[in-house]
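The lines below spell out each chain.
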Amino acid sequence: MSPSPTGPTQKQGPSVLTPEPRPTDGLNLEAVRRRDPEALAAFFDAYFDRMFALVYRLLGDRTLAEDAAQEVFLKVHRGAHLLDPTRDPVPWLLMIATNVCRDFWRSGAYRLSHTSLSIDDTPGLRETLHSTARGPEGDALAAERTRLVQDALLALRAPLREVVVLREYEGMGYDQIAALSGLNEAAVRKRYSRALAEMGKHLRKAGL
Amino acid sequence: MNDRPDDRLTDEAERARRLLLEAPPPRAATAFRDRLKDEFVSGAIEVSGTREARGRARRKTVPIRGLASRRRRAPVWIAASLAAAAAITIVIGTLNQGQKWMVTGVRGEGVVAVDGDTVPLSDRAALNRLIVPGAEVKIPDGVEIDLVSGGVMALQLTRRTDLTIPPPPTRWINRRMEMHVRYGDTRMTTGPDFHGTRLNVFTPEASVEVVGTTLAVIVQTNGTCVCVLEGAARVGRMTPNGPTDIQPVRSGRLRFVWKEDRPPSSDHMRDMERIRLAQFRDAQRPWLEGTPAPD
C-alpha cells in the first residue's frame, strides 16, 4: 500500500488549522451541480480516496467502509444541486462522511460488522499477508506496525476516534470538529487528549 | 482559530500521534472504486441500493409433451405400463422431495430483491412464496433473513448477499445440493437430517464442499473467505476446469481464496465470526431439531 500524496505522511501534525487545501482547480463544481458526467468523474477522482480512507478509519471494517463510501457518494449525488461552487466542497464532504459513519455506529450493522471479520476486515492482516507473500522483512514490520496502530485506533470509543481521525488525518481544527460534532471546543480538546492518551497506552502494551 | 494544545500531550500520547501520522492511508479495492465511480457518474448510484440494476427474464418452463399429442395410439398395455411407471416416479419423486425453504426470521427494515422484484421484508407470506429453489435473492445492507429447510439445514443471508436459492436436498435419492453465492455474507448450519447429503457452494473464486458443519461463506470484492465453526469443509479455487487446490478447512479455521491469482491464505477464524456463527446455529437449532415451522 503506497501512501497517498494527500495522505497523512505528507502532513506534519495538526499545525494545519484548516482542512488541508485540496486541488480543486481542475474541478468544475458548477458542472457537478448539473451532474455532468465528466465533472462527476473528476469530482469522484478528486475525493474518493480521501473519503474512503476517512470512513475506513472511522469504521475499521473494509466492507462497512465500502458501504459507507457508497452512501457518501449517493448523498453527494443526490445533493449535488446544493453544492456551492464558490466554496471548497471538502467540509461538506466531511460532514456527510462523518454523519454516515455515525449512522453506522448507531446501527446494528456496525456491531454486526465486527462479527464477520475476514482477512480483509482485520486491519493490517491483509497487508501482512501481502508482505509475507513478497517476503521483505521491512514490509512485514511496517505492515505489523500499521496494524497495531489501527488496532489502537479501533480500540477507542467511536466519539474519541472521530476526533482523532478528523484532527490528525483531516487536519481539522478543534472549532471545526466542534461545529461538526455539536460539541464545544473544550470537549473536543478533552476528547482528543484522552484519545491519544488511550492510544499511547494501547500501543505501549503492544510493544510500540 | 485556536489550536495546538498539544503541548499538554504526554510523551506516550505524542508518540501515538506520530505513529498515527506515519500510518499509510487505507485504499479501496480497485474493483469497488471503479464500480462506484461508474455508478456515481452514470447516476445508477441513485437506484442501485433500492432497485435491481438488471432485470432478469423469468425462467420459462417447457411443457412436457404428453403421449396424447401423438397421433398414433399405443397399445393399451404399453400405455398402462407407462402410466404406472409415471405414477410410481411421481410418487417417489414427491416423497423424495426435500422440505421447502421457510423463512424463520427477518431482521432489519426495507425490501429484498427476489428474481428482480422487490419484496417488503414485512411481508413474510410473500417472502415464503417467492424464496424458492432457483430464485435469485439480493439482500440490502442492514437486513438479515434466516431460512430453514426442515431438519436439513438453515441459511442466514446477510448484508449484500447475492445468491441463488438452492433446491433443498432430497430425502433418499441423489442427496446433493448446489448453491451459488455471488456476493455477501452467507452463514449455514446443517441439521440432523443433513446426514449423507453433499453440499457444494460455489462463489466466483471458490468451491466449498460441505458434509455437515456450521460455516460462513463471505464473498467480497477481493475474494472469498470460508470460516468453519464446526465440522470441516473442503475449499478449493475455482478455475474454468473446476475446483483445484482443494484443502480441508477444519473447525476454527478460515481459508481465503483470493480473486487475484495467488495462493489461498489460511488463518484462525476471527472470534466475532465464531460468535456470530454460534448464535446463528443456536437460534436455528429448534427449527432443525423438529419444531414445526409456521406456514
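As a reminder, the structure under discussion sits directly above these lines.
Counting from 1, residues in each chain are numbered in the order their sequence is written. Lettering of chains starts at A and numbering of ligands starts at 1, both following the order in which they are written. Note on the predicted model: pLDDT of at least 70 is required for a residue's local features to be given, and 80 or more for side-chain atom pairs to be given and counted; whole-chain, interface and lining totals, by contrast, use all residues. Hydrogens are left out, water is left out, and the side-chain values use all remaining heavy atoms of the structure.

(A) Highlighting the packing of helix H8 (residues 158-169) of chain A against helix H9 (residues 174-181) of chain A. Residue and element names in this part refer to chain A. The N-to-C vectors of H8 and H9 enclose an angle of 135°; their axes lie 10 Å apart at closest approach. Judged on the interaxial angle alone, H9 and H8 are oblique. Like other packed secondary-structure pairs, H8 and H9 cross with a definite hand, here right-handed. The segment H8 lies against H9, with Glu162, Val163, Leu166 and Arg167 engaging Tyr174, Ile177, Leu180 and Ser181. Classifying every residue of the contact of H8 with H9 by side-chain character gives five nonpolar, one polar and two charged. As a rule, the C-alpha atoms of each element are fitted with a line to give its axis, helices using only the stretch in contact, and angles between N-to-C directions run from 0 to 180 degrees. For helices the rule is a DSSP run of H or I covering at least 4 residues; for strands it is a run of E covering at least 2, with both sets numbered from the N terminus onward. For classification purposes, an angle smaller than 35 degrees is called roughly parallel, one larger than 145 roughly antiparallel, one from 65 to 115 roughly perpendicular, and anything else oblique. The sense of a crossing depends on the near helix, which, turned anticlockwise from the far helix by less than a right angle, makes the crossing left-handed and, turned clockwise, makes it right-handed. Here a residue-residue contact requires only that any non-hydrogen atoms of the pair lie within 4.5 Å. Under this grouping Gly is polar, as are all residues other than the nonpolar Ala, Val, Leu, Ile, Met, Phe, Trp, Tyr, Cys and Pro and the charged Asp, Glu, Lys and Arg.

(B) Molecular detail of the nonpolar core. Residues grouped as a nonpolar core are buried Ala, Val, Leu, Ile, Met, Phe, Trp, Tyr and Cys residues, joined through side-chain atoms within 4.5 Å. Throughout this description, buried means an accessible area under 20% of the type-specific maximum (1.4 Å probe, protein chains only), exposed means over 50%, and partly exposed covers the range between. Within the largest apolar cluster, 73 residues are counted, with the highest numbers of intra-cluster contacts made by Phe43, Phe48, Val55, Phe73 and Met199 of chain A. Excluding residues within four positions of it along the chain, Val55 of chain A makes contact with Gly60, Ala65, Ala68, Ala69, Val72, Ala97 and Cys101 of chain A. In this structure, Val103, Val119, Met188 and Val226 of chain B belong to the second largest nonpolar core, which totals 41 residues.

(C) Layout of the pattern of salt bridges. Definition used for salt bridges: Asp or Glu carboxyl oxygen within 4 Å of a side-chain nitrogen of Lys or Arg. Using the criterion set out here, one finds 30 salt bridges over all chains in the structure. Among the ionic pairs, Arg50 of chain A bridges to Glu170 of chain A, the shortest N-O distance being 2.6 Å. Taken together, the residues span a long stretch of sequence, with Arg50 of chain A in helix H2 (residues 37-59) and Glu170 of chain A in the loop between H8 and H9 at a distance of 120 residues. The same class applies to Arg50 of chain A as to Glu170 of chain A, namely buried. The partner of Asp146 of chain B in a salt bridge is Arg107 of chain B, with the nearest N and O atoms 3.1 Å apart. Of this pair, Asp146 of chain B sits in strand E5 (residues 144-149) while Arg107 of chain B sits in strand E1 (residues 101-107), placing them 39 residues apart in sequence.

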